Every structure is written in C-alpha cells, then in structure tokens.
Amino acid sequence: MRVFVILPAAGLGTRMAPGHTSQAAPKQFLEVAGVPILIHTLRAFAAVPEISSIVIAVRATERERLTAHVTEHGYASRVTVVEGGDSRQESVYNALRTLECDPDDIVLVHDAVRPLIEPAVIRRVIEAVEKHSAAIVGLPALDTIKQVERMADGAIVTATIPREYIVQAQTPQGFRCGLLRKAFAEAEADGFAGTDEASIVERAGTQVFVVPGSPSNIKITQPGDLELAEFYLAQRAATH
Ligand code: C5P
C-alpha cells in the first residue's frame, strides 16, 4: 500500500485584502517566516516517510514559479505539478486523474494554504484510512452553531444545532484511491459540486471517519491569518 498526496493550490485567494494577493502573488506563494506558504505545507508531508509522491495543482501561469520553489527547496524528486481547474474540486480531480494508484492505495488531499499541518496529524489520518477507508481531520465546534434562513437584510435563526453533533472539517482528508476515483466520477456525472472531498465520498454512500485536528491547522484565508501563522511557527520553533 502506497500513500499519495494531492495539494490543490490553484486558488486565486480573492478573500485576501488587495495588496496582500494579486495575480502576481496568490496566497499560497506569500511568505511566512521567509518561506512560501506552499513550501511549509510541502515540508510537513515530506517529513512523513510513508508518503511516496505528492502532486500539486496550480494555475498554468504559476507552474514555472512553483517548479522553481520546489527545486530550490529540494523536493523535486517527490513532487509532480499539474494544472488546476476553476474550482477546488476540479483541481483535485485533475491531480487525481494523473495518479497511478491501485484501488487500495491511500490518497490524502490537503489545502496548500494550511501550512501548519503537523506530520503527527497526517499519520493519524493515514492510520484511520487504513482502518476505515475514508477519514478527515475535524475540530470540535467551540461556538454555538445556529442554522439560519437568509433574508434580504440579514438572517433569522431557524434552529440551534447541538455542539456535540458538529465538527469543523479540516484537511488532510484521506481515502482509498479506488473509492475516491469512483466518488469523483459519480459527482462529475451528476454535476455535483462539493466544498470538500468528504462530501463527495459521503454522497457516494461511504462512511467517513473523523480524527481529531488541531486549532493551529488554520487555512490562510484572510490577511490576519498570515500573522497568526507566523505566531504559531515561532511558538513551535521555541518549543521544539
Ligand atoms: O478557496 P479556498 O481557501 O477554499 O481554497 C482551498 C484550497 O484549494 C487552496 O489551497 C486553493 O489554492 C485550492 N484551490 C484550487 N483550485 C481552485 C480553487 C481553490 O486548487 N480553483
């Protein structure tokens, strides 16, 4: 059994404030502690020896820049670069199509913009997929969660969802390769768009196991997240 990794990195990062990102520097290329976010992410996966290869999906215009970073940091032998699509799902599917994986091999999908993922959590997902075929990292919800109905001038609460029924889905999300391929093919045939891989696999009728995540595994989305990532990295450097 081999373990493959897909890092979708073809987003434009439109939620970052102007000045932080642009066509010239989408968020996955912004630097945290002097290193591009994507390279921090790559480093975490490269530290897990069970992983045999990593595929990164980027926009065609960023292919060259990414390849240069990957080579500069010494990961060229384990990394393949493919072209992403217009949605995260499309980017992942493009990468999945290029994998030469057997049905029982494991595929982990991880947001390129979650650079603080720890190798121990990656291993936890791999172990859970070995047992359950599908597993994601989830974080218990600390806030009270409301279901709402959107109105023209805001929203009204329609229900309060008990917190014990809620986890916030993070990545990595891991699956047996055969299962993921089948679920993606079904989603494509039905025109289903999911916001993560698990929703596509759930829809195909497979139970997805949840392993505990870490609050530091943030998805860099808004400007303040860069400072938060710097803080977590500094804290880690001081304690290791
Ligand atoms: O936009 P969001 O923050 O949800 O993106 C999550 C991950 O999916 C990011 O790493 C982003 O680069 C990637 N993505 C992609 N292709 C897209 C949109 C997003 O690979 N078309």
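Look up a bit, the structure's there.
I will try to describe carefully the structure that is included in this document. (Residues numbered from 1 in each chain as written. Predicted model: local features only at pLDDT ≥ 70, side-chain atom pairs only at ≥ 80, totals over all residues. Heavy atoms only, no water.)

**Section: the packing of aromatic side chains**
Phase 1: On inspection of all chains with the given rule, the structure shows two aromatic pairs.
Phase 2: Between Y93 and F184, the ring centres sit 5.2 Å apart and the planes meet at 45°, which makes this aromatic pair tilted. With Y93 in helix α3 (residues 88-98) and F184 in helix α5 (residues 177-190), this residue pair connects regions lying 91 residues apart in the sequence. The pair formed by Y93 and F184 is uniform in burial state, with each residue classed as buried.
Phase 3: Arranged with centres 5.8 Å apart and planes meeting at 55°, the rings of F231 and Y232 form a pair that is tilted.
Phase 4: A relative accessible area of 48% means that F231 is categorised as partly exposed.
Phase 5: The positively charged end of R65 is found above the aromatic ring belonging to F29, 4.4 Å away from the centroid.
Phase 6: Positioned over the ring face of Y93 is R97, at 3.8 Å from the centre of the ring. (Phe/Tyr/Trp six-rings, centres within 6.5 Å; stacked < 30°, edge-to-face > 60°. Helix = DSSP H or I, 4+ residues; strand = E, 2+ residues; numbered from the N terminus. Buried < 20%, exposed > 50% of the residue type's maximum accessible area, 1.4 Å probe, protein only. Lys NZ or Arg CZ within 6 Å of the ring centre and 35° of its normal.)

**Structural notes on α3**
Phase 1: Listed in full, the buried residues belonging to α3 are Q89, S91, V92, Y93, A95 and L96.
Phase 2: Residues of α3 that are buried in the fold lie against β1 (3-8), β4 (51-58), β5 (79-83), β6 (106-109), α5 and α6 (197-203). (Contact = heavy atoms within 4.5 Å.)

**With respect to unusual backbone geometry**
Phase 1: Here T171 and P172 are connected by a cis peptide whose omega angle stands at 10°.
Phase 2: With respect to the helices and strands, the residue P172 is situated in strand β10 (residues 167-176).
Phase 3: Backbone geometry at A33 places phi at a positive 50°, although glycine is not the residue there.
Phase 4: Within the element layout of this structure, A33 appears in the loop between β2 (31-32) and β3 (35-36).
Phase 5: The phi angle at S133 is positive, at roughly 75°, despite the residue not being glycine.
Phase 6: With respect to the secondary-structure elements, S133 resides in the loop between α4 (119-132) and β7 (134-140).

**Examining the site of the ligand**
Phase 1: Taken together, 17 residues lie near the ligand, and P8, A10, G11, S91 and K219 sit nearest.
Phase 2: One nitrogen or oxygen atom from the side chain of K27 is found 3.3 Å from an oxygen atom belonging to the ligand.
Phase 3: In this structure, a nitrogen atom belonging to the ligand sits 3.3 Å away from a main-chain N or O atom of D86.
Phase 4: Taking 460 Å² as the accessible area of the ligand by itself, protein coverage stands at 86%.
Phase 5: Grouping the amino acids of the shell around the ligand by side-chain chemistry returns five nonpolar, five polar and seven charged. (Near = heavy atom within 4 Å. Polar contact = N/O pair within 3.5 Å; in protein donor to acceptor, adjacent residues only side chain to side chain. Areas by Shrake-Rupley, 256 points an atom, 1.4 Å probe, with all protein chains shown as cover. Nonpolar A, V, L, I, M, F, W, Y, C, P; charged D, E, K, R; others polar.)

**Regarding the sheet that holds β1**
Note: strands within a sheet are paired through backbone hydrogen bonds, in either parallel or antiparallel orientation.
Phase 1: One open sheet holds the seven strands; their spatial order is β5-β4-β1-β6-β10-β7-β11, and the pairing between them is mixed. Edge strands, defined here as strands with exactly one partner in the open sheet, are β5 and β11 (209-212). Strand-to-strand twist of the sheet, defined as the mean angle between neighbouring strand axes without regard to direction, takes the value 25°.
Phase 2: Strands in contact with α5 are β6, β7 and β10; relative to β10, the strand with the most contacts, it is inclined by about 110°. (Pairing = 2+ DSSP bridges. Axes fitted to C-alpha atoms, helices over the stretch in contact; angles between N-to-C directions.)

**Comments concerning the environment of E164**
Phase 1: Structurally, E164 is set in the loop between β9 (154-161) and β10.
Phase 2: Exposure remark for E164: the relative accessible area of 65% places this residue in the exposed category.
Phase 3: For the pair E164 and A141, spaced 23 residues apart in the sequence, the C-alpha separation amounts to 7.9 Å.

**With respect to helix α7 (residues 224-239)**
One full turn of an α-helix is made of 3.6 residues, so residues set three or four places apart face in the same direction.
Phase 1: The terminal C-alpha atoms of α7, which comprises 16 residues, lie 23 Å apart, in line with the 22 Å expected from a rise of 1.5 Å per residue.
Phase 2: Residues of α7 that are buried: D225, L226, A229, Y232, L233 and R236. For α7, the arc enclosing every buried residue in end-on projection is 125°, short of the 170-degree limit, so these residues lie on one face. Opposite the packed face of α7, turned more than 90 degrees from it, sit the exposed residues A238 and T239. (Expected span 1.5 Å × (residues − 1). Arc of directions from axis to C-beta.)

**Some thoughts on the state of the cysteines**
Phase 1: In total, this model carries one disulfide according to the counting rule given.
Phase 2: The partner cysteine of C101 in its disulfide is C177, sulfur to sulfur 1.9 Å. In this pair, C101 is assigned in the loop between α3 and β6 and C177 in helix α5, connecting sequence segments 76 residues apart. In this pair, the class of C101 matches that of C177, namely buried. (Disulfide = S-S within 2.5 Å.)

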